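Next come the chains, spelled out residue by residue.
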Amino acid sequence: MLDTPREPLSLVPHVARDYLRAGPVRILATLEDALRDRIEDKLPYVRLPVTIANAARDPVSPPAWGARLSRLTGSRVGGSGS
């Protein structure tokens, strides 16, 4: 929902339909699973190259979050943040 103001209005009917179809119980259960599945607990154990993408105006994955995740992989922090 944080990103909604930046999404095209043409997506609203599609998203609304999906939420109505899923229902509040499934939506909340999915959110709970997502919050419990913490990537920051897993990244230190990943032994393959990892790409972390974020953007300066992204409320879900801002540059500070990307930098934190990058440090957990043991990688250098880089990129433009745009």
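Refer to the preceding data block for the structure.
Residues numbered from 1 in each chain as written. Predicted model: local features only at pLDDT ≥ 70, side-chain atom pairs only at ≥ 80, totals over all residues. Heavy atoms only, no water.

*Asks:* Quick question: what am I supposed to make of a nonpolar patch on the surface here?
*Replies:* A cluster of nonpolar side chains, namely Leu11, Val15, Tyr19 and Ile27, defines an oily patch on the protein surface of about 320 Å² accessible area. Considering the arrangement of structural elements, one finds valine 15 in helix α1 (residues 12-36). (Patch = residues over 30% accessible without salt bridge, like charges linked within 9 Å, V, L, I, M, F, W, Y side chains within 5 Å. Areas by Shrake-Rupley, 256 points an atom, 1.4 Å probe, with all protein chains shown as cover. Salt bridge = Lys/Arg side-chain N within 4 Å of Asp/Glu carboxyl O. Helix = DSSP H or I, 4+ residues; strand = E, 2+ residues; numbered from the N terminus.)

*Asks:* I'm lost on α1 in this one. Help?
*Replies:* Note on helix geometry: an α-helix contains 3.6 residues per turn, so any two residues three or four positions apart are oriented the same way. Taking 1.5 Å of rise per residue, 25 residues should cover 36 Å, yet α1 covers just 27 Å from first to last C-alpha, more than 12% shy of that figure. The axis of α1 is deflected most strongly, by about 100°, at glycine 23, and proline proline 24 appears within four residues downstream. (Expected span 1.5 Å × (residues − 1). Bend = angle between axes of the 7 residues up to and from the residue.)

*Asks:* Explanation requested: the pattern of salt bridges in the structure shown.
*Replies:* One side chain can pair with another of opposite charge once the charged atoms of both are near each other. Here the structure, examined in full by the defined rule, presents 6 salt bridges. Glutamate 32 is the salt-bridge partner of arginine 36, the closest N and O atoms lying 3.3 Å from each other. Within this pair, arginine 36 and its partner glutamate 32 are both found in helix α1, separated by 4 residues, close to a single helical turn. For the pair arginine 36 and glutamate 32, one class covers both residues: exposed. The partner of arginine 38 in a salt bridge is glutamate 40, and the shortest N-O contact between them spans 3.0 Å. For glutamate 40, a relative accessible area of 14% corresponds to the buried category. In this structure, a network of salt bridges that share partners links the residues Glu32, Asp33 and Arg36. (Buried < 20%, exposed > 50% of the residue type's maximum accessible area, 1.4 Å probe, protein only.)

*Asks:* Hey, could you run me through the layout of surface pockets in this one?
*Replies:* If you roll a probe as big as a water molecule over the atoms, it shows you where there is empty space left. Considered as a void within the structure, the largest pocket measures approximately 430 Å³ in volume. Lining the largest pocket are 14 residues, and of these Met1, Leu2, Asp3, Thr4 and Tyr19 sit closest to its centre. A per-class count over the lining of the largest pocket returns 11 nonpolar, 1 polar and 2 charged. (1 Å grid on protein atoms, 1.4 Å probe; cavity = no way out; pocket = protein on both sides within 12 Å on 5 of 7 lines; lining within 4 Å. Points joined across faces, edges and corners; volume = space filled by probe spheres on them. Nonpolar A, V, L, I, M, F, W, Y, C, P; charged D, E, K, R; others polar.)

Treat this as a map of the structure, not an account of what it does.
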